[in-house]
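Descriptive structure summary
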Amino acid sequence: MSLAIDGGTPVRTRPMPAREAFGPAEEAELFACIRHYRSLGQDPPYNGKWHQLFSNAFAEFQGGGHALPVSSGTGAVYVALAALGLPQGSVVLTSPVTCAGVIGAIHALGFRPKVVDSAVDSLNIDAEQVIRRIDDDVRGIVITHSGGEPVDVPSIIRAIGSKNIAVLEDCSQATGASINGEKVGTWGHIAAFSTMYRKNLAAGASSGLVYTKDFALFRQALSLSDRGKPLWRLDLNLNDPGNVLHPALNWNSSEMSNAIGLASLRRLDDTNKRRRDFLDGLFSKLKARDSVCYPGQFHEGFAPFYYPLFVDPKRVPVSAERFALAVQAEGIPLGAKYGCVVNTWPWTEDLVTDSFVPKNAVSTRDRSFNLHLHENYGHQEADDIVAAIEKVAKHFSR
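Figured I'd write up the structure that's included with this text. (Residues numbered from 1 in each chain as written. Predicted model: local features only at pLDDT ≥ 70, side-chain atom pairs only at ≥ 80, totals over all residues. Heavy atoms only, no water.)

1. Quick word on the sheet that holds strand β4 (residues 138-144)
Taken in spatial order, the seven strands make up an open sheet running β1-β9-β8-β5-β4-β2-β3, and their pairing is mixed. Across the chains shown, the open sheet's two edge strands, defined by having one partner strand only, are β1 (66-70) and β3 (112-115). Across the sheet, the axes of successive neighbouring strands diverge by a mean angle of 20°, strand direction being ignored. Pairing geometry for strand β2 (residues 91-94) and β4, over four bridges, is parallel. For L93, the partnering residue across the bridge sits in β4 and is I141. Where helix α4 (residues 100-108) meets the sheet, its contacts fall on β2, β3, β4 and β5 (166-170), and the angle it forms with β2 comes to roughly 175°. (Pairing = 2+ DSSP bridges. Helix = DSSP H or I, 4+ residues; strand = E, 2+ residues; numbered from the N terminus. Axes fitted to C-alpha atoms, helices over the stretch in contact; angles between N-to-C directions. Contact = heavy atoms within 4.5 Å.)

2. With respect to the packing of helix α3 (residues 73-83) against helix α7 (residues 215-224)
When two helices pack together, their arrangement is given by the angle between the helix axes and the distance between those axes. Contact geometry for α3 and α7: axes closest at 9 Å, N-to-C directions at 125°. What the angle tells us is that α3 and α7 run oblique. For the crossing formed where α3 meets α7, the hand is right-handed. Of α7, the residues touching α3 (which contributes V79, A82 and A83) are L217, Q220, A221 and L224. (Parallel < 35°, antiparallel > 145°, perpendicular 65-115°, else oblique. Left-handed = near helix turned anticlockwise from the far one by under 90°.)

3. Some details on the sheet that holds strand β10 (residues 293-295)
The antiparallel open sheet is built from four strands, whose spatial order is β10-β11-β13-β12. The open sheet has two edge strands with one neighbour each: β10 and β12 (334-335). Sheet analysis places β10 next to strand β11 (residues 306-311), joined by three bridges and oriented antiparallel. When the bridges of β11 are listed, Y294 appears paired with F310. Across the sheet, helix α9 (residues 268-288) lies against β10, β11 and β13 (368-372), angled at about 10° from β11, the strand it touches most.

4. Some points on the packing of aromatic side chains
Counted according to the given criterion, the structure contains 17 aromatic pairs. On the numbers, 6.3 Å between centres and 55° between planes, the contact of Y37 with W50 is tilted. Of the two residues, Y37 is situated in helix α1 (residues 24-40) and W50 in helix α2 (residues 49-61); the sequence distance between them amounts to 13 residues. Note on accessibility: Y37 and W50 belong to one class, buried. Residues F283 and F298 carry aromatic rings whose centres are separated by 5.3 Å and whose planes lie at 90° to one another, so their mutual orientation is edge-to-face. Linking F283 in helix α9 with F298 in the loop between β10 and β11, this pair joins segments that are 15 residues apart in sequence. By relative accessible area, which is 11% here, F283 ends up buried. Site record: aromatic cluster; members linked through ring pairs are F58, F61, F193 and Y211. Sitting over the ring of F305, K199 keeps its end group 5.5 Å from the ring centre. (Phe/Tyr/Trp six-rings, centres within 6.5 Å; stacked < 30°, edge-to-face > 60°. Buried < 20%, exposed > 50% of the residue type's maximum accessible area, 1.4 Å probe, protein only. Lys NZ or Arg CZ within 6 Å of the ring centre and 35° of its normal.)

Function-wise, these values are silent; they only describe arrangement.
Printed below as a string of structure tokens:
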């Protein structure tokens, strides 16, 4: 049987089921927002009713604390990192697998990014790798929970010990994930979340959240999100630039995004559970068929955004990328070679502190592919994924 990549008939000919993150509940909340402001004869502002509703609901979801919707996930990283008040020129450790916006924010704020390697067989960092990269110049760390896998932040914090290093959790791909039963974002000093349209918690095209349990940090973030305004000072004319506290940018969220996000948040636990259930079923099928593809770490604390599947090099005499491209051609959505590895970006060469190569991260990337998934994948999708992998494995194993 010819592979689809060679002109054969693919295993799956119909599209995967639509996610429909903007569903009836999101539509209803959005129109409730619109009707509210029409009834008042007002245009929807920023920092309005749904801003507060979404803020309060997300803080409650996190188990308490303070939440601040902003206009993007990158904006959330920028505001959260700025709120920490690190000295100019500070070295900030960063995960090797992250978004370009993280490196951009570190650089834009006048800090120097220093890459940490991931753990073995993982795209995420661990305490052992962090300790290897700490020196006296390090003042902060951005810990990215990539793919929905929660990093063991408590172990990293214990390893840092009494060193004066601020911890920012980048939860952009892992909203709702947990470590020891506690949500990601609650362990560090402050956290950033992306809620853009493809994320598990989706609040529209481009949006994000800043979260912290520290009220002083929250106030700092609040001011930094809206041009330096002391938004808690109701006695001041906040439209007068003379009353701002410091130079800052405008990262305000929109009421429409907040309404969509509020509805999405109400079903987030179910969203993440259905994704975990799908992966549990897929892994059982792969194991039962003695597949050449196998999973890495997985547990109930995951909030899957994508999932890396490893390709056994002892059983398939081609690269994981070539194998994945053939599986993709069989109608299976995936990322054949993940591009979010910092040291592979030429533009970062003059930004990072040194020429360190995160060998574990590169090795994990080169031996795996990222399976795309969402909560509407079911048994048929799992069967088709397994069938596509088997078809490709049989072809390359001949």
